[in-house]
Amino acid sequence: MKKIFLLAVLTILGVTTSSAQETTKKIKAKAATKASVAKVDGAGIVFVTETIDYGTVAYNSDGKRDFVFTNNGNKPLIITNAQGSCGCTVPTYPREPIAPGAKGVISVKYDTSRAGQPFTKTVTLTTNANPSNKVLTIKGNVLAADAPKS
């Protein structure tokens, strides 16, 4: 009976220790991620990536992609405009201020009915961050309309 009790206690302690170690690792990972994003005075904008590669996509497929960003400043970030480099690239952006430390998304819809050649397009953001303009890039290749789908 004592062996079973002791085994149960050790098992519980082992699980507790394991969970504590996992929690510590998660906290350290979050801290490292936050530490890698430099804080700025005023509004700031830092993207996970500033270029999205669509790769090769099917004709008339879903052309929507998202750029995720964080306000790394100490003041609200305000995006006043997002302009695609042509009519085939349509961005949408948050109209409300993004609080310090908060995340946001710039969505871009590329017209995938333009087929058969590689594309590279840009979206220019106007914000209250410094610098006030930020350029995002999308690129890829749309298959021809009659290309076999895999």
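Rules and cut-offs
- Residues numbered from 1 in each chain as written.
- Predicted model: local features only at pLDDT ≥ 70, side-chain atom pairs only at ≥ 80, totals over all residues.
- Heavy atoms only, no water.
- Pairing = 2+ DSSP bridges.
- Helix = DSSP H or I, 4+ residues; strand = E, 2+ residues; numbered from the N terminus.
- Axes fitted to C-alpha atoms, helices over the stretch in contact; angles between N-to-C directions.

**Student:** Talk me through the sheet that holds strand β1 (residues 46-47); I want residue IDs and the actual numbers.
**Tutor:** Strand-to-strand pairing in sheets goes through backbone hydrogen bonds, with the strands running parallel or antiparallel. Taken together, four strands build an open sheet; the order of strands is β1-β3-β6-β5 and the sheet is antiparallel. Either end of the sheet is taken by a strand with one partner, and the two such strands are β1 and β5 (89-92). Two elements, β1 and strand β3 (residues 64-70), share two bridges in a ladder whose sense is antiparallel. Looking at the pairing, Phe47 lines up with Phe69 of β3.

**Student:** So what about the sheet that holds strand β2 (residues 51-57)? Which residues, and what values?
**Tutor:** What the four strands build is an open sheet, ordered β2-β8-β7-β4; its pairing is mixed. Among the strands making up the open sheet, the edge pair consists of β2 and β4 (79-84). Direction aside, neighbouring strands of the sheet carry axes that sit 15 degrees apart on average.

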